[in-house]
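# What the coordinates show
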Amino acid sequence: MLPLSSRHRQRSAGAWRRLLTAASLCTAGALAIASASAAPTTPVLRANDSIGLPTLGDSARADLSPVLERRLGEEIMNDIRRDRDYLDDDPILEFLNNFGMNLVLTAPGTRGETNADFFFFAVRDPMINAFALPGGFIAVHSQLLIVAQNESELASVLSHEIGHVSQRHIARMLGQQKQDALLPLAALILAALVGKAGGGADAAMGVMMGGQGLAIQRQLNFSRDAEREADRVGFQTMRAAGYDTSGMVAFFKRLQGTTRLYGEAPAWLSSHPLTGERIADIQSRIREAPKPGHLRPDSIDFHLVRARARVLQDESQSGRDEARSTFEAQMAEQNTQHQTAGMYGMAFLALKQGDLKAAQNWLDKAKGSMRPRPGVLSAERPGSDGSAMFTGLDIEIKMAPGQPPEMLAEAMREAEQAHQKFPLSRALARQYAETMIAAGKLDQAAQFLRDQVREYREEPKLYNQLAKTYAAQGKIALQHMALAESYVLTGATPAAVDQLNMARKAKDVSFYDQAVIDARERELQQKQKDEKQEKKDRGEGFAADGSARDKLDAGPRLKIETSNGDGKGNGLGDSGFPSRKEPMRLGDPLWFQKK
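Given the structure is predicted, the values throughout are model-derived calculations rather than measurements.

### Regarding the overall build of the protein chain
Secondary structure summary: the protein chain contains 26 helices and 3 strands in total. For the protein chain, the share of sequence-separated contacts (at least 6 apart) that also reach a separation of at least 24 residues comes to 74%. When the accessible surface of the protein chain is summed, it comes to about 25800 Å², and 55% of that surface belongs to carbon and sulfur atoms.

Below is the structure:
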């Protein structure tokens, strides 16, 4: 592994890390193990135990309900999505969510008592890290994605974070802190009594410091138990999904080796310190677990996604030079998947640099490397052949500025075929819509997007594309109504109300549109009132130790304008959201079904 550049280190100390200060406090960082010498406080479960583990205590259930926990996570995610270091790259997001949901769905009980709705995403950061937010949002730093050598190593990290979510460690930590907040207060009262009784200032200070120390120790004990529990859940989850559990040990040891080599602990180690006891426990589980009949092989998509992450992590000239050197080294290896990923990375890098001819040549080579070679007897490659990601990059290249018009028509044909072949791919579906808009097939694009919105009702990007289509058609009222729905999904309710007001004033607004706008505005105004009351109630519920939101806002927050500068918030946003099919909800506007 190459040393991190100074530019990377400067970025890690910048706005992105300030934005995630709160997340670190209440997730991985707050669940850290303080030392290797600490004795376990709960019985160690064996490898064949089910995921229905004993909980760490139910004190948090009344303090942080599953609904509130999810809303807190969504509030943080709305800020993260607006940050420039949020990797809003469709292929990476799609891979992580397919990969993560495979872990969640193959192990019974992994969703936990709250039936968590997981969403996995990536952030641009050169430090090795992963963290879970309240409500099932799990992040992977780009550097961790790059250094993971195989899918089992990535599965070990995501499974561990899934364990934190399923066991509600964040909610329970908040409940534990609320209880522990009373200990220093009690110690302060005792110290005052000791001083008044003539015990002296030193004795009073000792009593007060002892109370604070007890509170800290209780939190550390809770953290140790939480880490062990997440390890156990993670081990069982990745084993149920068919991944090699030794990947957990291999990845942990590589991280420790990185610490010894560079003298600076990666963030993942500082928030999840690896003790000899924990590694030994994992090794013991591996020895005692029955040998799996079949292990899941690495897919080519994993290596292609790592190549994209490497290009996107550092877009400076030095970063691109480093990425090119890595891809050239990969192409010189004997491993076919590594060679293919190197070619794909060179294609993506050339696209980013505007060299479209080189990008197409490298992509063609990458696709050719996956085809069976005449006269060569080889085993059939399991799993994906990477065609979805190859097609996606091919469409990106053909739609890039500077391409002749015939390339756009070809891109549209490829996108249509890809959508038919991979109908569940959200990335390809949005690409198909984008090609229709670019080709001027506006009626076709609008109909396709309305159908997509009916199936995937919580995907802001679809509403943004629909608004873009309506704007090109001159349907201004519908454009603002679509943007309003996008803002609602990204947590910007006031901006959504502004969009509805602009739709109401549009020259082409119909009587039916007016009725829909009025109904939707009343619904959003009520939602704003409910949110204000909820925040007020939340503050009272956490009066002993600050509100849950205050804990998440422990660090400075980024304020990013989502408007176009006129204060009305009518710009097109890029925020993404976990897509899932769900039935119609009462009060949802059905305006997109007409026109």
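There is more to say, and it comes next.
### Notes on the nonpolar core
Counting residues in hydrophobic clusters, the biggest one holds 69 residues, and the most contacted among them are Ile92, Phe118, Phe120, Leu154, Phe251 and Tyr344. In terms of residue count, helix H16 (residues 336-352) provides more of this core than any other element does, 9 residues in total. Phenylalanine 118 has contacts with Asn97, Met101, Val104, Thr110, Arg111, Gly136, Ile138, Ile162 and Val165, leaving out every residue within four places of it along the chain. If you look at the next biggest cluster of nonpolar residues, it comprises 40 residues, including Ala415, Tyr463, Leu478 and Ala495.

### A look at the pattern of salt bridges
According to the stated counting rule, one finds 23 salt bridges in the structure shown. Arginine 308 is paired through a salt bridge with aspartate 89; the nearest N and O atoms lie 2.8 Å apart. Here the residue arginine 308 occupies a position in helix H14 (residues 300-313), and aspartate 89 occupies one in the loop between helix H4 (66-82) and helix H5 (90-106), the gap between them amounting to 219 residues. Under the relative-accessibility criterion, arginine 308 is labelled buried at 1%. The partner of glutamate 414 in a salt bridge is lysine 398, with the nearest N and O atoms 3.4 Å apart. Separated by 16 residues along the polypeptide, glutamate 414 in helix H19 (residues 405-421) and lysine 398 in helix H18 (residues 387-398) bring together distant segments of the chain. The class of glutamate 414 is buried, set by a relative accessible area of 18%. Within this structure, Asp88, Asp90, Arg426, Arg430, Glu459 and Lys461 form a network of salt bridges that share partners.

### What about the sheet that holds strand E1 (residues 119-123)?
If you walk across this open sheet you meet the 3 strands as E1-E3-E2, and the pairing is mixed. Every other strand in the sheet has two partners, leaving E1 and strand E2 (130-132) as the edge strands with one partner each. Neighbour to neighbour, the strand axes of the sheet diverge by 20° on average, direction disregarded.

### What to know about helix H24 (residues 493-505)
If you check H24, its first and last C-alpha atoms are 19 Å apart, about what 13 residues at 1.5 Å a residue would give, namely 18 Å. Three or more residues of H24 are buried, namely Thr493, Ala495, Ala496, Val497, Gln499, Leu500, Met502 and Ala503.

### A few points about the confidence of the model for the protein chain
Caution applies to low-pLDDT regions: their predicted coordinates should not be interpreted in detail. Considering every residue of the protein chain, the mean pLDDT works out to 74; 65% of them sit at 70 or more. Taken together, the stretch residues 210-222 has pLDDT below 50 and engages in 23 contacts with residues farther than four places along the chain or on a different chain.

### Some points on the environment of methionine 399
Position of methionine 399 among the secondary structure elements: in the loop between H18 and H19. For methionine 399, a relative accessible area of 26% translates into the label partly exposed. As a C-alpha pair, methionine 399 and glutamine 431 span 32 residues in sequence and 9.9 Å in three-dimensional space. Those residues within four positions of methionine 399 in sequence are excluded, and the remaining contacts are Leu408, Ala411, Glu434, Thr435 and Ala438.

### Structural notes on the packing of helix H21 (residues 442-455) against helix H22 (residues 460-473)
Packing of H21 against H22 leaves a shortest axis separation of 9 Å and a crossing angle of 155°. By the criterion of interaxial angle, the relationship of H21 to H22 is roughly antiparallel. Between H21 and H22 the crossing geometry is left-handed. Contacts from Leu442, Asp443, Ala445, Ala446, Leu449, Arg450, Gln452 and Val453 in H21 reach Leu462, Tyr463, Gln465, Leu466, Thr469, Tyr470, Ala472 and Gln473 in H22. Residues belonging to the contact of H21 with H22 are distributed by class as follows: 10 nonpolar, 4 polar and 2 charged.

### So, H5
Taking 1.5 Å of rise per residue, the 17 residues of H5 would be expected to cover 24 Å, and the 24 Å separating its terminal C-alpha atoms lies within 8% of that figure. The element H5 is extensively covered by neighbouring structure, given that 13 of its 17 residues are classed as buried.

### A look at the environment of asparagine 335
Looking at the element boundaries, asparagine 335 is found in the loop between helix H15 (317-331) and H16. A polar atom in the side chain of asparagine 335 sits 2.8 Å from the backbone nitrogen of glutamine 337.

### Notes on the pairing of strand E3 (residues 137-141)
Among the 5 residues in E3, 5 count as buried, and that is most of the element. Taking every second residue as pointing to the same face, both faces of E3 are buried, with Phe137, Ala139 and His141 on one and Ile138 and Val140 on the other. Judged from the 5 bridges that link them, E1 and E3 form a sheet pairing that is parallel. Paired with phenylalanine 121 across the bridge in E3 is alanine 139. Alignment of E2 against E3, held across 3 bridges, turns out to be antiparallel. Counted as the bridge partner of alanine 132 is isoleucine 138 from E3. Counting the residues between successive antiparallel strands, the hairpin from E2 to E3 contains 4 residues, one of them, glycine 135, with a positive phi of roughly 90°.

Criteria and thresholds
All chains use their own residue numbering, which begins from 1 and follows the written sequence. Residues qualify for local features only when their pLDDT is at least 70, as the model is predicted, and side-chain atom pairs are given and counted only at 80 or more; totals for whole chains, interfaces and linings, by contrast, use all residues. Excluded from the side-chain calculation are hydrogens and water; included are all heavy atoms of the structure. Comment: elements are numbered from the N terminus, with helices defined as DSSP H or I runs of at least four residues and strands as E runs of at least two. Throughout, a residue-residue contact means that at least one pair of heavy atoms, one from each residue, lies within 4.5 Å. Accessible surface area values rest on a Shrake-Rupley calculation with a 1.4 Å probe, where residue burial reflects the displayed protein chains alone. Nine residue types can take part in a nonpolar core, namely buried Ala, Val, Leu, Ile, Met, Phe, Trp, Tyr and Cys, and a core is a set of them joined through side-chain atoms within 4.5 Å. Only protein chains enter the area calculation, which uses a 1.4 Å probe; residues under 20% of their type maximum are buried, those over 50% are exposed, and those in between are partly exposed. The term salt bridge refers to a side-chain nitrogen of Lys or Arg lying within 4 Å of a carboxyl oxygen of Asp or Glu. The criterion for strand pairing is that DSSP finds at least two bridges linking the strands in question. Axis angles are defined between N-to-C directions and span 0 to 180 degrees, where every axis is a line fitted to C-alpha atoms and, for a helix, only to the segment in contact. Multiplying 1.5 Å by the residue count of a helix minus one yields the expected span of that helix. Values of pLDDT, which run from 0 to 100, indicate the predictor's confidence residue by residue. With respect to orientation, any angle under 35 degrees is reported as roughly parallel, any angle over 145 as roughly antiparallel, any angle of 65 to 115 as roughly perpendicular, and every other angle as oblique. Crossings are classed by handedness, with left-handed meaning an anticlockwise turn of the near helix from the far one by less than a right angle and right-handed meaning a clockwise turn. Residue polarity is assigned by list, with Asp, Glu, Lys and Arg as charged and Ala, Val, Leu, Ile, Met, Phe, Trp, Tyr, Cys and Pro as nonpolar; anything else, Gly included, falls into the polar class. Under this definition, polar contacts are N or O atom pairs within 3.5 Å; protein pairs additionally need one hydrogen-donor-capable and one acceptor-capable atom, and for neighbouring residues in sequence, both atoms have to be side-chain atoms.

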